[in-house]
Amino acid sequence: MFLAPPINSTLKHNPIMAKQPRSIYVCNECGGESSQWFGKCSACGTFNSMVEQLPTMTKAASGRIVSRATVQTNQISAPQSRAAVTLPEISDSEEQRWSSGYGEFDRVLGGGIVPGSLVLIGGDPGIGKSTLLLQTANELAKHYRVLYVCGEESGKQIKLRAGRLGVDCQSPNLYILAETDMDDVVQEITSLKPHVAIIDSIQTVYLPSLTSAAGSVAQVRECTASLMQIAKRQDTSMFLVGHVTKEGAIAGPKVLEHLVDTVLYFEGDRFAVHRLLRSVKNRFGATHELGVFEMVDKGLVEVTNPSQLFLGNIDDQSPGTSIVVACEGTRPLVVELQALVSPTSYPSPRRAGTGIDYNRLVQILAVLEKRVGIPLSKLDAYLSVAGGLNVNEPAVDLGMAIAIVASFRDRTVAPHTVAIGEVGLGGQIRSVSQLELRLKEAVKLGFKRAIVPKSQSLPTIPGLELVPVAKLLDAIIAALPADG
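Residues numbered from 1 in each chain as written. Predicted model: local features only at pLDDT ≥ 70, side-chain atom pairs only at ≥ 80, totals over all residues. Heavy atoms only, no water.

Novice: Can you walk me through helix α12 (residues 472-479) in this structure?
Specialist: Residues spaced three or four apart along an α-helix face the same direction, because each turn holds 3.6 residues. Taken together, the buried positions of α12 are Leu 472, Ala 475, Ile 476, Ala 478 and Ala 479. Seen end-on, α12 carries its buried residues on one side only, within an arc spanning 165°. Along its buried surface, α12 packs onto α9 (358-372), α10 (397-409), β20 (422-423), β21 (429-430), β22 (449-453) and β23 (465-469). (Buried < 20%, exposed > 50% of the residue type's maximum accessible area, 1.4 Å probe, protein only. Helix = DSSP H or I, 4+ residues; strand = E, 2+ residues; numbered from the N terminus. Arc of directions from axis to C-beta. Contact = heavy atoms within 4.5 Å.)

Okay, structure coming up:
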């Protein structure tokens, strides 16, 4: 007599009857996951950002259902177990760094390229990210083996651009790989073992084991994790190019910026000649460092003295301008501020700022009206930073206030004078950081007089007259001569 097998046994041994994996929904903004679709992400609150993702499943040797991406990642990494050690047992020798061939690039990276580091570079389309990295690859190929992975262009297109930029197309150490399959990219990096690998861009490569499209949250996260593992294992320095959203942030999940060691932003007006490379995260150096480049017909050229780029004619200043010294990381920059105050023809006066924080501009206008007595509530006020630089630190408050008053009175600031200080709501001048560094930069450019806060210790700078002030009114009197 035929006996049917037990139901539980059939379900246990028959893989066809096993429970199939269900789709998950991933937020494009934060990477949050959900078992069903919602119009609003419960993690970050973004609307219409949930995307369906169906993971490809496989069965491990133990019978446990796992994703093929997890199996592949484990095979790629294959980390060896390491025993815990105490701090005295760890070598404290200085980390070796490789020069990129550009002093401005090395400055932003904290002194050079650290072996095994993972660097993410973001910026607007056409700003020059690929140009910078291709030129850097050419310089590095003189001493190291470099792999350039291009997912957006073919090898012929890369060679044409390399010839236009003056790249050595006969270099035996510069390898080009036009590929978007992450499996092939990882295999090439493993076999070639380059010192530096450039991925242009992270949104174009994909893992075939994931069903989502290239550039999705899952693809960007898993591809970056695979590159991070091979970079740490082989001591290969990785440079990843990242696309940006319309808000200016790097596209993809926020975890992408947490995985990498350094995050750089390439900024600048596409119609201007200069480009700014800014560091917002760096595990091997100071953050908010700034590198300045100039776009020419042969590519990018570093600017060794950026203060002259953002500074006008100090011998012939016009009314409504003032000179300040801003600090970007450890670099002081002498910048010209331009203000325009005029009667308004609208019920509510306009306030506009270019290159400065709008809230700080409104705050300075309120302090000037309350503490100095200037009726700015009936006037339009415009403030701009010359050269297109963005300056958001409080040390430029005093220069902003002096420029606005100079425009209101149609006066010219005393020649060869810089203003450094933070303005409080009570009209007091507060101390700033790195004052000595700022003053030394001003002396290098020919300034002979500096209006500084009285509340902090003042250094002695040969050739520079210091005018300490405690109140905003005192600083305005010192900056604007009585004879106008």
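Novice: Whenever I open this one, the side chain of Thr 136 confuses me. Can you help?
Specialist: In this structure, Thr 136 sits in helix α4 (residues 129-140). Ignoring sequence-local partners within four residues, the contact set of Thr 136 consists of Ser 100, Tyr 102 and Phe 105.

Novice: What is the right way to look at the sheet that holds β23 in this model?
Specialist: Where strands meet in a sheet, backbone hydrogen bonds hold them as pairs that are either parallel or antiparallel. Taken in spatial order, the three strands of this open sheet run β19-β22-β23, and their pairing is parallel. Each end of this open sheet is capped by a strand with a single partner; those strands are β19 (417-419) and β23. Across this sheet, the average inter-strand angle for adjacent strands is 25°, counted without regard to direction. Alignment of β22 against β23, held across five bridges, turns out to be parallel. (Pairing = 2+ DSSP bridges. Axes fitted to C-alpha atoms, helices over the stretch in contact; angles between N-to-C directions.)

Novice: Can you walk me through the packing of aromatic side chains in this structure?
Specialist: The geometry of an aromatic ring pair is captured by the separation of the ring centres together with the interplanar angle, meaning the angle of the planes. The full count for this structure, using the stated rule, is four aromatic pairs. Measuring from centroid to centroid gives 6.0 Å for Phe 105 and Phe 239, while their planes differ by 50°, and the two rings are tilted. Within this pair, whereas Phe 105 is found in helix α3 (residues 103-109), its partner Phe 239 is found in strand β10 (residues 237-242), the two being separated by 134 residues in sequence. There is no split in this pair, since Phe 105 and Phe 239 are both buried. Among the aromatic residues, those joined into a cluster by ring pairs are Tyr 102, Phe 266 and Phe 293. (Phe/Tyr/Trp six-rings, centres within 6.5 Å; stacked < 30°, edge-to-face > 60°.)

Novice: Help me understand the packing of α9 against α10, please; the structure alone is not making it clear to me.
Specialist: A packed helix pair is summarised by two numbers, namely the angle formed by the two axes and the spacing between the axes. Between α9 and α10, the least distance of the axes is 10 Å, while the angle of their chain directions is 60°. One finds that α9 runs oblique with respect to α10. Viewed along their axes, α9 and α10 form a crossing whose handedness is right-handed. Note on element contacts: α10 touches α9 through Asp 397, Met 400, Ala 401, Ile 404 and Val 405, opposite Arg 360, Leu 361, Ile 364, Leu 365 and Leu 368. (Parallel < 35°, antiparallel > 145°, perpendicular 65-115°, else oblique. Left-handed = near helix turned anticlockwise from the far one by under 90°.)

Interpretation note: all reported values are geometric properties and have no functional meaning in isolation.
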